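# A look at the structure
Residues per chain are reported as follows:
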Amino acid sequence: MKFESGGDVNTAVIAGSVDLGLAGSSPVTKGLSAPLNIPYKVVWIHDLIGDNEALVAKPGIGSVKELVGKKVATPFGSTAHYSLLAALTSAGVEPSAVQTIDLQPQDALAAWKRGDIDAAYVWTPTLSELTKDGKVLVTSRELAKQGKPTADLGVVTNAFAAKHPEVVTAWIKAQDKAVAQARTAPDEAAKSIGAELGLPVEEAKRQLSELVLLSAKEQAGPDYLGAPGAPGKLAANLHDAAVFLKGQKAVDAVPDEAVFGRALAVEELGRAAN
């Protein structure tokens with residue numbers, strides 16, 4: 001099942017329609033916070049978001065500072081929204097000095113073509129359309145280097161993980177195999193991805209190159225999910241995202257970092273990584 005955004009994935013999980021899903025780190029943070037409090041956990045980091053999400057501006061706008069007083073579109077509560085505010089803050093621009101508009105990527109593209117917006121922070125494939133006549137001001141890869149990383153995360157409901165541990169283990173191993181293929185045989189990986197997403201192989205290969213992929217062994221390290229008894233830094237990253245979402249009034253309160261630590265599926269990852 002394909003969804004427009006991580007928020008839609010959360011809705012599907014709540015409705016009982018999805019047991020395993022993929023969503024950005026901001027929607028997952030929202031899912032783990034009140035009022036949603038979704039009983040799921042992070043079981044895989046599909047990718048660290050890199051050049052596949054970026055802030056693009058119309059010709060004539062050469063820097064983030066020049067967005068003051070401009071109209072900028074992004075899907076509210078998304079990883080792109082989080083990165084937009086991080087980019088503004090890093091550039092010394094008060095977010096209130098920019099007119100931020102809540103638009104899904106395809107709607108942002110339509111608004112861009114109409115001339116209704118001056119910039120947008122979105123992800124591929126819409127990003128590729130915007131860059132045809134726009135200028136990239138900053139990418140999520142650059143923001144990650146500044147300490148504001150975002151990621152696409154695999155989640156599994158607690159109930160499904162408990163009832164079908166063998167399925168979860170097999171699923172993680174399949175993801176790990178896919179990462180290995182992307183690293184050692186990118187052409188084959190791009191062919192499979194292109195067929196799934198309806199993209200030419202070269203475009204799929206280009207988009208794949210924009211992501212940072214991690215093996216199961218790497219994800220079990222301290223910088224990411226971590227190991228049993230030692231949750232990784234992803235818990236702190238999700239906590240930071242919760243602070244951001246609280247500031248946007250998208251969650252009722254910021255959970256303790258320990259809440260996010262308990263939501264990292266380190267036991268399941270450990271079984272599959274061995």
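Calculation criteria
Residues numbered from 1 in each chain as written. Predicted model: local features only at pLDDT ≥ 70, side-chain atom pairs only at ≥ 80, totals over all residues. Heavy atoms only, no water. Helix = DSSP H or I, 4+ residues; strand = E, 2+ residues; numbered from the N terminus. Contact = heavy atoms within 4.5 Å. Pairing = 2+ DSSP bridges. Axes fitted to C-alpha atoms, helices over the stretch in contact; angles between N-to-C directions. 1 Å grid on protein atoms, 1.4 Å probe; cavity = no way out; pocket = protein on both sides within 12 Å on 5 of 7 lines; lining within 4 Å. Points joined across faces, edges and corners; volume = space filled by probe spheres on them. Nonpolar A, V, L, I, M, F, W, Y, C, P; charged D, E, K, R; others polar. Buried < 20%, exposed > 50% of the residue type's maximum accessible area, 1.4 Å probe, protein only. Right-handed = clockwise from strand over helix to strand, strands pointing away.

Moving on to the side chain of Thr139. Assignment of secondary structure puts Thr139 in strand S7 (residues 135-139). In contact with Thr139, not counting residues within four places along its chain, are Gly50, Asp51, Glu53, Ala54 and Tyr121.

Overall, mixed pairing links the five strands, which are arranged S5-S4-S6-S3-S7 in an open sheet. Both edges of this open sheet fall to strand S5 (99-102) and S7, since each of them pairs with a single strand only. Each adjacent strand pair in this sheet contributes to an overall mean axis angle of 25°, direction not counted. As paired strands, strand S4 (residues 71-74) and S5 are joined by four bridges and run parallel to one another. Paired with Thr74 across the two strands is Asp102, which belongs to S5. Packing against the sheet, helix H3 (residues 79-90) makes contact with strand S3 (53-57), S4, S5, strand S6 (119-123) and S7, and its axis sits at approximately 135° to S6. Taken strand by strand, helix H4 (residues 105-114) contacts S3, S4 and S6, and its axis lies near 150° from that of S6.

Turning our attention to the layout of surface pockets. Here the largest pocket defines a volume of roughly 1900 Å³. Along the walls of the largest pocket sit 46 residues, with Leu22, His46, Asp47, Asp152 and Leu197 positioned nearest its centre. Elements represented by at least two residues in the lining of the largest pocket include exactly helix H1 (6-14), strand S1 (20-24), strand S2 (40-48), H4, helix H8 (165-184), helix H9 (186-197) and helix H10 (201-209). If one sorts the elements of the lining of the largest pocket by residue count, H8 sits on top with seven residues. Tallied by class, the residues present in the lining of the largest pocket amount to 25 nonpolar, 15 polar and six charged. Estimated volume of the second largest pocket: approximately 360 Å³. Around the second largest pocket sit 20 residues that line it, and Leu48, Pro149, Thr150, Tyr224 and Asn237 are the ones nearest its centre. If you list the elements that add at least two residues to the lining of the second largest pocket, you get helix H2 (25-32), S2, helix H6 (140-145) and helix H12 (234-247).

This part takes up H2. Among the eight residues that make up H2, seven are buried, leaving the element largely enclosed by the rest of the structure. Where H2 is concerned, the buried positions are Ser25, Ser26, Pro27, Val28, Thr29, Gly31 and Leu32.

We now examine the pairing of S4. Handedness of the crossover joining S4 and S5 through H3: right-handed. In terms of strand pairing, S4 meets S6 through two bridges, oriented parallel. Residue pairing across strands places Ala73 opposite Ala120, the latter belonging to S6.

That is the geometry; function is a separate question.
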